[in-house]
Amino acid sequence: MKTFNIILCGACGRVSKKFIFFLNKKRNFSIISFVSNRIKKGNNFGKIKYFNNLKEAIEENKKQNFVILDFSHFSNIVYNLRVAFFYKKPIIFIQSEGEKFKDFFKFYSNFIPILLISNSSLGANLLFDICEFISRNLPKNESICYEIHHKQKKEIYSSTIKDIVKNKNISFLNISSFRVSNILGIHKFIFFNDFEEICVSHRINNFDSFCVGFLNSIIFIYFKKFGLFFFKDIYNLAKYYV
């Protein structure tokens, strides 16, 4: 069985720590280096070395094939993108702020494969398509939505809401966001007109849903030569591997 090697950037973040724990159950995925500017250079996690920047990590492993999985702050996007380009390595950005850097992504995707993910849950991405379909086909409709997340979430609105709001085909009268302990994520959308109403909801019950999405993303981008991709491309091409 093929092993997929990973250099993981932003290794000290909450999401990346949960992914590292999840990865312990998967034999055909291996983290070969961590990158974090919050750890002193030279510190190790078992046999895995920590580095303060992506260039140092790649230099240590440049003879191997791997995918860069970037959970780090969006301020690192341009630097990590340029490093990935220099070494011709595929890179995945887990970001809700990627829109600000779309010109960089478009340029560098001519040379390396880049995958942008704001939400790696398959259900959440299917929700995007369902909401768009309803909005386009229910005559003279308007909509409201609300979301509930755990109290550790820093953003006012989740990446799921941000992505759906970007869709110009959907008109929202109101968007509400709430924080409740131990709720990973609930999204509910109500579409209505003068004659009828449609409710669509999605709930994350286990963080592993996101981790499975990360694994599928790694496999998907590993075999690409260049191009700009989104999570939607994985399930649209029936490429859900794990």
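Residues numbered from 1 in each chain as written. Predicted model: local features only at pLDDT ≥ 70, side-chain atom pairs only at ≥ 80, totals over all residues. Heavy atoms only, no water.

## Regarding the overall build of the chain
Part 1 of the reasoning: Within the chain one finds eight helices and twelve strands.
Part 2 of the reasoning: Against the globule reference of 18 Å for 242 residues, the chain gives a C-alpha radius of gyration of 19 Å, in line with a compact fold.
Part 3 of the reasoning: When its C-alpha atoms are laid out on the principal axes, the chain stretches across 65 × 40 × 35 Å.
Part 4 of the reasoning: Relative to its 242 residues, the chain shows a buried fraction of 48%.
Part 5 of the reasoning: Contacts in the chain between residues at least 24 apart in sequence constitute 66% of all its contacts with a sequence separation of at least 6.
Part 6 of the reasoning: Of the roughly 13200 Å² of accessible surface on the chain, 53% is carried by carbon and sulfur atoms.
Part 7 of the reasoning: Mean positive and mean negative side-chain charge positions of the chain (36 and 18 charges, respectively) differ by 11 Å. (Helix = DSSP H or I, 4+ residues; strand = E, 2+ residues; numbered from the N terminus. Rg over C-alpha atoms; globule rule 2.2 N^0.38 Å. Buried < 20%, exposed > 50% of the residue type's maximum accessible area, 1.4 Å probe, protein only. Contact = heavy atoms within 4.5 Å. Areas by Shrake-Rupley, 256 points an atom, 1.4 Å probe, with all protein chains shown as cover. Lys, Arg positive; Asp, Glu negative; His and termini not counted. Charge placed at Lys NZ, Arg CZ, Asp CG, Glu CD.)

## A look at a positive patch on the surface
Part 1 of the reasoning: On the surface, R14, K17, K18, R38 and K154 cluster together into a patch of positive charge.
Part 2 of the reasoning: By the element assignment, R38 lies in the loop between β2 (29–35) and β3 (44–45).
Part 3 of the reasoning: Accessibility expressed as a relative area gives 61% for R38, which makes it exposed. (Patch = residues over 30% accessible without salt bridge, like charges linked within 9 Å, V, L, I, M, F, W, Y side chains within 5 Å. Salt bridge = Lys/Arg side-chain N within 4 Å of Asp/Glu carboxyl O.)

## Focus on the sheet that holds strand β10 (residues 185–192)
Part 1 of the reasoning: Pairing is mixed in the open sheet, where four strands are placed in the order β9-β8-β10-β11. Only two strands of the sheet have a single neighbouring strand rather than two, namely β9 (172–179) and β11 (197–204). Each strand of the sheet is rotated relative to its neighbour by a mean of 10 degrees, with strand direction disregarded.
Part 2 of the reasoning: Two elements, β10 and β11, share eight bridges in a ladder whose sense is antiparallel. Note that in β11 the partner of I190 across the bridge is C199.
Part 3 of the reasoning: The sheet contacts of helix α5 (residues 122–137) involve β10 and β11, and relative to β11 the element is tilted by about 170 degrees. (Pairing = 2+ DSSP bridges. Axes fitted to C-alpha atoms, helices over the stretch in contact; angles between N-to-C directions.)

## Regarding the packing of aromatic side chains
Aromatic rings considered in pairs are described by the distance between their centres and by the relative angle of their planes.
Part 1 of the reasoning: The tally for this structure, following the rule as stated, stands at 17 aromatic pairs.
Part 2 of the reasoning: When the centroid spacing of 6.4 Å and the interplanar angle of 50 degrees are considered together, the rings of F74 and F101 count as tilted. Highlighted residues: F74 in the loop between β5 (67–70) and α3 (77–87) and F101 in the loop between β6 (91–94) and α4 (102–108), separated in sequence by 27 residues.
Part 3 of the reasoning: The partly exposed category is assigned to F74, whose relative accessible area is 27%.
Part 4 of the reasoning: A relative accessible area of 13% means that F101 is categorised as buried.
Part 5 of the reasoning: Seen from their ring centres, Y222 and F223 are 5.2 Å apart, and the 75 degrees between their planes marks the pair as edge-to-face. (Phe/Tyr/Trp six-rings, centres within 6.5 Å; stacked < 30°, edge-to-face > 60°.)

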